[in-house]
Amino acid sequence: MASSCSGSLLVLPFVISSTLLCFSVASNEFEVGGSKGWIVPPANDTNFFNDWASQNRFQAGDTIRFKYKKDSVMEVGEGDYTHCNATHPTLFSNNGNTVFKLNHSGTFYFISGASGHCEKGQKMIVRVMADESLSQHAKSSGHHVPVSPIGVSQMLYLQFVLTCVASYVV
Ligand SMILES: *[C@@H]1O[C@H](CO)[C@@H](O)[C@H](O)[C@H]1NC(C)=O
Ligand SMILES: *[C@@H]1O[C@H](CO)[C@@H](O)[C@H](O)[C@H]1NC(C)=O
Ligand SMILES: *[C@@H]1O[C@H](CO)[C@@H](O)[C@H](O)[C@H]1NC(C)=O
């Protein structure tokens, strides 16, 4: 029984690191605007995209997908977002299916590049949190956060070690 336990202990680091790797590459993709996509919002719902964005929880590494027809997506700075200034975007895409990676925490600003659309509310602010598995702040900020992946594997590891120790002792 002791030998089987030490044999498994050799494998364990691989199991743990692959588990962690698995969690750390896990990222979510969000479809902007849900089923409506990237559209000019209805006149009585001009805050549509910011409402949509604030209902979601974005983390660094997540991607957002814009689906649209005869339109475009621009990533811009804050001032250009506010004034719907489409003259010097950071990113411009009009292929109808734009995938944007939220590659860092912080704030991203998007507008439509189609004439007049941004003014009608086709614009969005996305706030991205740091990857919570790397951040301790999330726990102390009072938000409910699920047990972090590292916490889970530590528990599994502890349980495994205890099982092994127990089998030695018996
Ligand atoms: C906007 O108007 C439509 C149709 O009149 C209505 O169904 C919808 O609930 C309204 N949306 C908001 C946010 O008021
Ligand atoms: C848009 O931004 C450019 C560059 O900063 C500036 O020259 C231009 O006046 C702006 N246009 C509007 C309508 O604010
Ligand atoms: C995020 O992506 C942009 C555009 O590709 C790039 O300029 C920037 O350096 C990237 N930032 C990080 C933190 O990777």
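Residues numbered from 1 in each chain as written. Chains lettered and ligands numbered in written order. Predicted model: local features only at pLDDT ≥ 70, side-chain atom pairs only at ≥ 80, totals over all residues. Heavy atoms only, no water.

Side note on the site of ligand 2
Taken together, the neighbourhood of ligand 2 is formed by Asn-85, Thr-87 and His-88. Asn-85 places a side-chain nitrogen or oxygen 2.2 Å from an oxygen atom of ligand 2. At a separation of 3.5 Å, an oxygen atom of ligand 2 approaches a polar side-chain atom of Thr-87. Protein contact buries 29% of the 360 Å² of open area that ligand 2 shows by itself. (Near = heavy atom within 4 Å. Polar contact = N/O pair within 3.5 Å; in protein donor to acceptor, adjacent residues only side chain to side chain. Areas by Shrake-Rupley, 256 points an atom, 1.4 Å probe, with all protein chains shown as cover.)

Focus on the sheet that holds strand 3 (residues 63-67)
Hydrogen bonds along the backbone pair up the strands of a sheet, which may run parallel or antiparallel. Taken together, the three strands give an open sheet; going across it, the order is 1-3-6, and neighbouring strands pair in mixed fashion. Across the chains shown, the open sheet's two edge strands, defined by having one partner strand only, are strand 1 (29-31) and strand 6 (97-101). Sheet twist, expressed as the average angle between the axes of neighbouring strands with direction ignored, equals 20°. Taken together, the five bridges between strand 3 and strand 6 define a ladder with antiparallel strand orientation. (Pairing = 2+ DSSP bridges. Helix = DSSP H or I, 4+ residues; strand = E, 2+ residues; numbered from the N terminus. Axes fitted to C-alpha atoms, helices over the stretch in contact; angles between N-to-C directions.)

Here we look at the confidence of the model for the protein chain
Across the protein chain, pLDDT averages 78, with 62% of residues at or above 70. Contacts for the low-pLDDT stretch residues 1-5, under 50 throughout, to residues beyond four places or in other chains number six contacts. The low-confidence segment residues 18-22, where pLDDT is below 50, has two contacts with residues more than four positions distant or belonging to other chains. (pLDDT = per-residue confidence, 0-100. Contact = heavy atoms within 4.5 Å.)

Side note on the packing of aromatic side chains
A complete count under the given rule lists ten aromatic pairs for this structure. Ring geometry for Phe-66 against Phe-110: centres 5.2 Å apart, planes inclined by 55°, an arrangement best described as tilted. Remark: Phe-110 occurs in strand 7 (residues 106-111) and Phe-66 occurs in strand 3; sequence separation between them is 44 residues. Judged on exposure class, the residue Phe-66 and its partner Phe-110 are both buried. Ring geometry for Phe-100 and Phe-108: centres 5.5 Å apart, planes at 80°, overall edge-to-face. There is no split in this pair, since Phe-100 and Phe-108 are both buried. The side chain of Lys-123 reaches across the aromatic face of Tyr-81, ending 4.4 Å from its centre. (Phe/Tyr/Trp six-rings, centres within 6.5 Å; stacked < 30°, edge-to-face > 60°. Buried < 20%, exposed > 50% of the residue type's maximum accessible area, 1.4 Å probe, protein only. Lys NZ or Arg CZ within 6 Å of the ring centre and 35° of its normal.)

Looking at the environment of Lys-69
Structurally, the position occupied by Lys-69 is in the loop between strand 3 and strand 4 (73-76). Of the residues examined, Lys-69 reaches a relative accessible area of 78% and is grouped as exposed. In sequence terms Lys-69 and Gly-96 are 27 residues apart; their C-alpha atoms lie 5.6 Å from each other.

A few points about the side chain of Lys-123
One can find Lys-123 in strand 8 (residues 123-129). For the buried Lys-123, no salt bridge exists, and the shortest N-O distance to an oppositely charged side chain is 8.2 Å, to Glu-119. Within the structure, the side chain of Lys-123 is placed 3.1 Å from the backbone oxygen of Tyr-81, a separation counted as a polar contact. (Lys, Arg positive; Asp, Glu negative; His and termini not counted. Salt bridge = Lys/Arg side-chain N within 4 Å of Asp/Glu carboxyl O.)

Brief notes about the sheet that holds strand 2 (residues 58-59)
Strand order across the open sheet formed by five strands is 2-8-7-4-5, with mixed pairing between neighbours. The sheet is open, and its two borders are formed by strand 2 and strand 5 (91-93), each paired with just one other strand. Note that strand 7 and strand 8 share six bridges and pair antiparallel. The partner of Tyr-109 across the bridge, within strand 8, is Ile-125.

A closer look at the side chain of Asn-50
With respect to the helices, strands and loops of the structure, Asn-50 is situated in helix 2 (residues 48-54). In contact with Asn-50, other than residues within four places in its own chain, are Tyr-81, Lys-123, Met-124 and Ile-125.

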